[in-house]
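Here's the letter readout for the chains.
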Amino acid sequence: MAILDGRKVSGEMLERLSHDVKRMQLSHLQPKLAVILVGDNPASLSYIKQKKKACEKTGVAWEQIDYSTAVTTDELVAKIHELNKDIKTHGILVQLPLPDHIFTPDVFKAIDPKKDVDGFTAYNLGKMFLSKSFEDLAPCTPMGVIRMFEYYDIDVKGKEAVIVGHSNIVGKPLAAMLLNRDATVTICHVHTEDLAAHTKRADIVCVAVGKANLITEDMVKVGAIVVDIGFNRLDNGKMVGDADFKGLEKKVNWITPVPGGCGPMTVSCLIENTVRAAMRIHNFK
Ligand code: NAP
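So, here is what we can say about the structure in this document. (Residues numbered from 1 in each chain as written. Predicted model: local features only at pLDDT ≥ 70, side-chain atom pairs only at ≥ 80, totals over all residues. Heavy atoms only, no water.)

**Observations concerning helix α7 (residues 171-180)**
At step 1: Most of α7 is tucked away: eight of the 10 residues are buried.
At step 2: Check the buried side of α7 and you find it contacts α5 (122-130), α6 (140-151), β5 (160-164), β6 (184-188) and β7 (204-207).
At step 3: Where α7 ends, the next residue or the one after it, D182, has phi of about 70°, a positive value. (Buried < 20%, exposed > 50% of the residue type's maximum accessible area, 1.4 Å probe, protein only. Helix = DSSP H or I, 4+ residues; strand = E, 2+ residues; numbered from the N terminus. Contact = heavy atoms within 4.5 Å.)

Given below as structure tokens:
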């Protein structure tokens, strides 16, 4: 068994990106990420902290705009329109989840696709669904999985990939990205009748549900690759994924740890998108 070490791969990505930022700074340009946070959800605060740290590490400027949970959809949309026009802002990120009274699709629709570094606008999602060569500002978590496969030379072509979880931000875009690379893809979700029947025949199992120990050793075949995207805090405060790492590690060929797997990769892909957006906006090569 070998580890898909997200911390290491992400660290190397950030190092490379910091060189791109330095090159831009020589031309008096600096990529900037604006982050909108609504409320003080502890998980959101922790995600934001990681993103800010990565900006500081690479030299990407950071602006955090905090709102109370009383904010309205119109107020968020107005702020996004302002950021769209701001020539110093290259990336706009709205930290999820938003309170229930906010209409999230309207918020994402307001983001200029050129600054959509989370890759959640219909324009960028649509491009990603067309083909690999059209993937551009693509969703960071699934792109992080792809970058990890690239780093470890794991070719998904022809492989049976089973994705558990069909959210718009992880499961669905990951399915499209794996399909773009010629994997045979199945997506499972809460209504899938026999989850184990699918995962057992998979060469690659990617799980993004938010349920500790959902994927156990008896649910995968020998030599499988397990990518654990889930993130769960246990009652004792420990962070775990959706897969039973201890049970699986003896059986699989590759596995991502949690923490230290997909989380850091998501962050480095966000910085990659921000630097790419800034270069594009300034026509910087
Ligand atoms: P989400 O929108 O809640 O989606 C969860 C998905 O899992 C849904 O498709 C749901 O199906 C499915 N599901 C629920 N129970 C299931 C079960 N027992 N068996 C099979 N499928 C089941 O969540 P998300 O935003 O995609 O996030 C999923 C997990 O990934 C969370 O733990 C989150 O914290 C983590 N995450 C990590 C990162 C990272 O950077 N590492 C980034 C994003 C998310 P239905 O919709 O049909 O109920």
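**Describing the pairing of strand β2 (residues 32-38)**
At step 1: The element β2 is extensively covered by neighbouring structure, given that seven of its seven residues are classed as buried.
At step 2: Side chains of β2 alternate between two faces, with K32, A34, I36 and V38 and L33, V35 and L37 buried alike.
At step 3: Direction of pairing for β2 relative to strand β3 (residues 61-67): parallel, over a ladder of seven bridges. In the strand pairing of β3, I36 is matched with I65.
At step 4: The handedness of the β2 to β3 crossover, carried by helix α2 (residues 42-58), is right-handed. (Pairing = 2+ DSSP bridges. Right-handed = clockwise from strand over helix to strand, strands pointing away.)

**A short note on the pairing of β6**
At step 1: Alignment of β5 against β6, held across five bridges, turns out to be parallel. Across the sheet, residue V164 finds its bridge partner in β6, namely C188.

**What about the packing of α6 against helix α10 (residues 262-281)?**
At step 1: Two elements in contact, α6 and α10, have axes separated by 8 Å at closest approach and are oriented at 105°. With respect to α10, the axis of α6 lies roughly perpendicular. Contact with α6, carried on its side by C140, T141, M143, G144, V145, R147 and M148, involves C262, M265, T266, C269, L270, E272, N273 and R276 of α10 and no other residues of that element.
At step 2: The residue makeup of the contact of α6 with α10, split by class, is eight nonpolar, four polar and three charged. (Axes fitted to C-alpha atoms, helices over the stretch in contact; angles between N-to-C directions. Parallel < 35°, antiparallel > 145°, perpendicular 65-115°, else oblique. Nonpolar A, V, L, I, M, F, W, Y, C, P; charged D, E, K, R; others polar.)

**Comments concerning the packing of helix α1 (residues 6-26) against α2**
At step 1: Contact geometry of α1 with α2 gives a least axis separation of 8 Å together with a crossing angle of 55°. Relative to α2, the element α1 is oriented oblique. Contacts between α1 and α2 pair L14, L17, S18 and V21 from the former with A54, K57 and T58 from the latter.
At step 2: Split by residue class, the contact of α1 with α2 holds four nonpolar, two polar and one charged.

**Here's the deal with the pattern of salt bridges**
At step 1: One pass over the full model with this rule turns up 16 salt bridges.
At step 2: With a closest N to O distance of 3.5 Å, R23 and D20 form a salt bridge. Taken as a pair, R23 and D20 lie in helix α1 at a separation of three residues, close to a single helical turn.
At step 3: Given the relative accessible area of 37%, R23 is considered partly exposed.
At step 4: R201 is paired through a salt bridge with E160; the nearest N and O atoms lie 2.9 Å apart. Highlighted residues: R201 in the loop between α8 (195-200) and β7 and E160 in strand β5, separated in sequence by 41 residues. (Salt bridge = Lys/Arg side-chain N within 4 Å of Asp/Glu carboxyl O.)

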